[in-house]
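# Descriptive analysis of the structure
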Amino acid sequence: MRERQKKTLDLLQSCGTPLYAMLTRLTLSENDAGDLMQELFIRLSQSKGLDKAKDPIAYARRAAVNLAFEWRRKRKARFEPLGHHCMPAQNQPSALGTVIQKEQLEQVLDAAAKLKGLAREVIVMHYIERQSYEQIAGRLGKNPAHIRSVSAKALARIRVLLRGQLRRQDAEE
Amino acid sequence: MTEIDEKEILSRLEAVAQLKPDPARAAARIDHIRRTLTARPPTDIPPTPSIFQTIAGSRALRFAAAAVVLAGVSLSVYLTRPGKTTPITCFTLLSRACAAEQAIFAGENIVHIVNTITVHPPTAQSPLAERLDQLNLTRGQRRYLQTVNSWLDFNWMPIYSLAADGQFRFHELKLSPGADQPYVITDQAWYDAPTGRFIRLLETAGKIIFANSYDGRSVYFSEPHPDGSVHLLSERITSDFITPQNPARFLGITAGLQSFVEQDDYPPITEVTEGTLEDGLPLRIYKQGFPDLLGDINTYWLFKVRADNGTIAEMEFVQAGAPRLVIRRQSARSVTSAPYSWDLADVRMQTADANSPAADVTPDMWIPDVSLRHMVETAGFDTYIFASTPSWLEEPVISDMADFASPGRRMFCITCQANDGRHIVMYQSQTFNKFFASIIKHARLLYTSANGFKLYGGGPEKWWTEIHLRAGGFTPAEDRTGYALQSPAGTFPSLAVNGRLTNKELETLVDSLVPAAEILDPSPQDLQQRIENLPPGKWQDGNNDPNN
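## Thoughts on the overall build of chain A
Counting secondary structure elements, chain A contains eight helices and zero strands. Reading chain A from its N terminus to its C terminus gives the helix and strand order α-α-α-α-α-α-α-α. A burial count over chain A gives 34% of its 173 residues as buried. Partitioning the contacts of chain A with sequence separation of at least 6, the portion at a separation of at least 24 is 65%.

Put into structure tokens, the structure is as follows:
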């Protein structure tokens, strides 16, 4: 178990920063990303799966993605502006613009949270982590063409989910 | 707007991909997690939690529960419930509040923190008593349920002090449950961030009941004297001393309490509401309830978090609809100097003829990794240790903790980590000695060793071994086993094994037990020789297959 603790600390050292960045992107909140990051590493330090994982970094990354989407599915709807430390790189001229953009990003991430395993994995890896289809295929042991097809279907599914979500909002208004 | 095209989705995903966290904040958070992981004892995934995990959410509390748990061996039927997965949101809540509190301790000036702990008398009639009346319980069953449930009373709190080697000491702040009027303990701290110097004083009824400070060269700490007075001692810091990296965790409002919730199996936050303090300060209030042994939630914490800065303004412990304990942040402000010198030379400690305060501090609730000599000299009864451990076990580690069920006595937990997961935990305490003496007649004698030990089995071992193994820092295995030992001196160590041992393995372990006092002087070779010269022990009929 002490060995696992050491392994977890090594993981934190080697990939803590990119995992934190990814959690920030998936939660759109540094506070929540910090909490999830802590939860992630405590879970990893207690996980027998980590002992057996051939690629501990990939294991931790996958666990982080699952944790973030689990958080996204479970949390209640809320309104919370972006923290000033976590602004999009592009210019946002007004506070209202920031809020509107945050809401839009929440919508697309909430829709992604409803996707099934591989589709969600591909969306995160390709569009958020910016990996090529070939890289994703290599990591997941799949054919690049298959990954491309999964990605296209996932995007279409997000579109359907967003459309339904927007219709509900329109009806409420 | 009910239509959204693929271009818009890609644009939003692109915006998400471009988000960049603040590097300094990320580094601070990662560093905090690293320290949290380093401070946590390594454990496996907790299996399905039982009611005892709820009772014994912290390691310290588990030790407390372990002290009384065997008193109800025959009642395990009442003590299980369907398992559920519990998130660690309370831990997250307090960690987050503690992180927010760090800002208070980061200034250039001395920070002065004042908290008050208001202890209210218990309500006259608890709902538990009514519920127990409805059940057809024997007197013993009822007494047991009441005793174990009393661990939810929170009539004590853990507090830390800093030792000369930079490590924390764990103490018990005893809150007198018998008082008929509310009373207040004032908890003050002064902290000088640039130098790490600090003072912490707990005071009630005009008397200082706890003191701890660091002046840059020595640490100063209070120790209770047998005559009831509190003395101030000092110790020069050791070469490896470092000041606490996170003063909020040490001096903040959640200090001590945070250690209660650092296990994943602590009951979750069940309700979040908005509210205000009496002065109108907006709050978010988190409720965290403890199911009692009958599954009802009559006991809960309310954590009141300031909306403006995320720190905890108040923590209220409620029982049977009435507050029992209110811990409130009165002030946190920057000052130019502390009213006392850092070495506490001008602090007047409580004298022997002073009126007894309503609360006092029992030092060293839990002392990890103590020496064999410490156990021998502290126990007050004959203690035993494995003179040699087989190759599959690591060397024994001894922890010393307060024996809550036998006030004033200490309990010793000997853990041996196993390479194959079959960890061993042996408890020795006055409480167990008394308890096993009364129940051993119902157990089954399995083996008698030539060194005078008797090994007993039977009973609801799954139940108590779970408590012992968890308290020892291990995740209980499904096939865990437990035994009671009767020593030649008439004491009753308990032996929990996180798996199954063959008769041969059990025999080796039991045969290797020697009085701890004897192992202090002879050489290990002498002891090994002595064990090897022992005649074979005797297994009872039907248990004599060495590979069984």
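After that view of the structure, there is still more to cover.
## Re the confidence of the model for chain A
Residue and element names in this part refer to chain A. In the predicted model, chain A carries a mean pLDDT of 78, and 78% of its residues have values of at least 70. Least confident of the elements in chain A is helix α5 (residues 95–113), whose mean pLDDT is 70; most confident is helix α6 (residues 117–128), at 90. In this model residues 76–99 is a low-confidence stretch, pLDDT under 50, and it forms 31 contacts with partners more than four residues away in sequence or in other chains.

## Let's talk about the packing of helix α2 (residues 30–45) of chain A against helix α4 (residues 56–74) of chain A
Residue and element names in this part refer to chain A. Where α2 contacts α4, the axes come no closer than 10 Å and their chain directions differ by 130°. Considering the angle they form, α2 stands oblique to α4. Crossing angle aside, the handedness with which α2 passes α4 is right-handed. Across the interface between the two elements, D32, L36, E39, L40, R43 and L44 from α2 touch A60, A63, A64, L67, A68 and W71 from α4.

## A closer look at unusual backbone geometry
One non-glycine residue, L28 of chain A, adopts positive backbone phi at about 60°. By the element assignment, L28 of chain A lies in the loop between α1 (2–27) and α2. Residue classification places L28 of chain A among the buried positions, given that 23 C-beta atoms sit within 10 Å. Even without being glycine, L344 of chain B reaches a positive phi, approximately 60°. With respect to the helices and strands, L344 of chain B occurs in the loop between β13 (322–335) and β14 (359–370). For L344 of chain B, a count of 21 C-beta atoms within 10 Å puts it in the buried group.

## Points about the confidence of the model for chain B
All names here are of chain B. Looking at chain B, the pLDDT average stands at 75 and 72% of residues meet or exceed 70. Counting contacts from residues 42–88, a segment whose pLDDT is below 50, to residues more than four positions away or on other chains yields 119 contacts. Overall fold confidence (pTM) sits at 0.52, and the ipTM for the predicted complex is 0.84.

## So, the pairing of strand β18 (residues 424–429) of chain B
All names here are of chain B. Most of β18 sits inside the fold, with six of its six residues counted as buried. Burial of the side chains of β18 extends over both faces: I424, M426 and Q428 are buried on one face and V425, Y427 and S429 on the other. As judged from the six bridges shared by strand β17 (residues 410–416) and β18, these two strands associate in the antiparallel manner. Within β18, the position partnered with T415 by the bridge is V425.

## Quick word on the pairing of strand β20 (residues 454–457) of chain B
Consecutive side chains along a regular strand alternate between the two faces of the sheet. All names here are of chain B. Here strand β19 (residues 444–448) runs beside β20; their pairing, made up of four bridges, is antiparallel. Directly across from R444, in β20, lies its bridge partner G457. The loop that links β19 with its antiparallel partner β20 comprises five residues; one of these, G452, has a positive phi angle of about 95°. As paired strands, β20 and strand β21 (residues 481–486) are joined by three bridges and run antiparallel to one another. Bridging across to β21, K454 finds its partner in Q486.

## Focus: the environment of L201 of chain B
Residues and elements named next belong to chain B. Positionally, L201 belongs in strand β5 (residues 197–204). Residues L201 and V347, 146 residues apart in the sequence, show an inter-C-alpha distance of 9.4 Å. Look past the residues within four positions of L201 in its chain and what remains in contact with it is Q188, I208, A211 and V347.

## Regarding helix α1 (residues 6–18) of chain B
For an α-helix, 3.6 residues make a turn, and residues three or four places apart therefore share a direction. All names here are of chain B. Compared with the 18 Å implied by 1.5 Å per residue over 13 residues, the 18 Å span of α1 between its first and last C-alpha is a close match. Three or more residues of α1 are buried, namely I9, R12, L13, A15 and V16. One face of α1 carries all of its buried residues, which in axial projection span an arc of 155°. Turned more than 90 degrees off the buried face of α1, the exposed positions are E6, K7 and S11.

## A few points about the nonpolar core
Counting residues in hydrophobic clusters, the biggest one holds 100 residues, and the most contacted among them are Y191, L251, F303, C413, L455, L485 and V510 of chain B. Counting only domains with at least three residues in this core, you end up with domain 1 (86–362) and domain 2 (371–539) of chain B. Membership of the second largest hydrophobic core comes to 47 residues, among which are A111, I147 and A154 of chain A together with V16 of chain B.

Basis of the calculations
Residues numbered from 1 in each chain as written. Chains lettered and ligands numbered in written order. Predicted model: local features only at pLDDT ≥ 70, side-chain atom pairs only at ≥ 80, totals over all residues. Helix = DSSP H or I, 4+ residues; strand = E, 2+ residues; numbered from the N terminus. Buried ≥ 20, exposed ≤ 12 C-beta atoms within 10 Å, placed from the backbone. Contact = placed C-beta atoms within 7 Å. pLDDT = per-residue confidence, 0-100. Axes fitted to C-alpha atoms, helices over the stretch in contact; angles between N-to-C directions. Parallel < 35°, antiparallel > 145°, perpendicular 65-115°, else oblique. Left-handed = near helix turned anticlockwise from the far one by under 90°. Pairing = 2+ DSSP bridges. Expected span 1.5 Å × (residues − 1). Arc of directions from axis to C-beta. Core = buried A, V, L, I, M, F, W, Y, C linked by C-beta atoms within 7 Å. Domains from an automatic or database assignment.

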